[in-house]
Amino acid sequence: MKNVLAPRKTHGFTPIEVVKTFYNSLNTLDSQIISDCVIDKAGKQEVDEVTNLFVISRVSLGYEGKTSIISAPEWDKRGRPELKPPLSVYGVLNLKIETVRPVPRPVFLVNYQKWVPVSQGENPDKTNTSVNKGRAYQGFEITDKLYLKKDRGDWVIHKIERLKREPVNQANTKKE
């Protein structure tokens, strides 16, 4: 009950701060703050995904003393090296936010790369079976349209419209 009545971690954030926090929290596997950024069914997939990865990460840390999930910004900082299973990447890179409509009914266009773990043999991009050979992760170029409104005095994302989701050509992911 305490958590239901507690203020959101995003209390007092501007609409653009809510959007940035939503996407950047994917990199830290913080499902609580992601949940504070959204209402209704908006972001449900991301909340579920992060919750599952957080649990997997903690179990792996407990049993093996290390996690097999590397945050996308950390992987990027290392020069995007090729990772062998069970190592995988999760998170957001190259976040770009454009204001489509300002307050009082803000709408944002968000472009980013999202990197996700995949099981061996699984191919999240059904159109290109060669994309994931030997890797435990896959990247996508994504464009979302986000709609925000006030809820209990705080800005929240109430609708996420996926406009584009295309696989990243992993042959070109290494930094020069």
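Structure: above.
(A) Representation of the packing of aromatic side chains in the model. Under the criterion given, the structure shown has 5 aromatic pairs. An angle of 85 degrees between the planes, with centres 5.0 Å apart, marks the rings of Phe22 and Tyr23 as edge-to-face. Each member of the pair, Phe22 as well as Tyr23, is classed as buried. Within the aromatic cluster, the residues linked to one another by ring pairs are Phe22, Tyr23 and Tyr112. One cation-aromatic arrangement involves Lys159 over Tyr147; the distance from NZ or CZ to the ring centre is 5.0 Å. The ring of Phe140 carries Arg165 above its face, with NZ or CZ at 3.7 Å from the centroid.

(B) A look at the environment of Pro85. Here Pro85 is to be found in the loop between helix 5 (72-77) and strand 2 (88-101). On a C-alpha basis, the gap between Pro85 and Ser68 in space is 8.4 Å, while along the polypeptide they are 17 residues apart.

(C) Fine view of the pairing of strand 3 (residues 107-117). In terms of burial, strand 3 is a largely internal element, 8 of the 11 residues being buried. Alignment of strand 2 against strand 3, held across 8 bridges, turns out to be antiparallel. Looking across to strand 3, one finds that Val92 is bridged to Lys114. Adjacent in sequence and paired antiparallel, strand 2 and strand 3 are bridged by 5 residues. The sheet contact formed by strand 3 and strand 4 (residues 137-151) spans 11 bridges and is antiparallel. Residue pairing across strands places Val110 opposite Asp144, the latter belonging to strand 4.

(D) Geometry of the sheet that holds strand 3. On the basis of which strands lie adjacent, the open sheet formed by 5 strands has the order 1-2-3-4-5 and mixed pairing. Each edge of the open sheet is held by one strand with a lone partner, namely strand 1 (69-71) and strand 5 (154-167). Here the strands of the sheet are splayed against their neighbours by 25 degrees on average, with no regard to which way each runs. Bridge count between strand 1 and strand 2: 3 bridges; the pairing is parallel. From the neighbouring strand, Ser71 faces strand 2, where its bridge partner is Tyr90. Lying over the sheet, helix 2 (residues 15-28) contacts strand 1, strand 2, strand 3, strand 4 and strand 5, oriented at roughly 170 degrees with respect to strand 2.

The rules behind the values
Residues numbered from 1 in each chain as written. Predicted model: local features only at pLDDT ≥ 70, side-chain atom pairs only at ≥ 80, totals over all residues. Heavy atoms only, no water. Phe/Tyr/Trp six-rings, centres within 6.5 Å; stacked < 30°, edge-to-face > 60°. Buried < 20%, exposed > 50% of the residue type's maximum accessible area, 1.4 Å probe, protein only. Lys NZ or Arg CZ within 6 Å of the ring centre and 35° of its normal. Helix = DSSP H or I, 4+ residues; strand = E, 2+ residues; numbered from the N terminus. Pairing = 2+ DSSP bridges. Axes fitted to C-alpha atoms, helices over the stretch in contact; angles between N-to-C directions. Contact = heavy atoms within 4.5 Å.

Function cannot be read off these values alone, since they describe shape.
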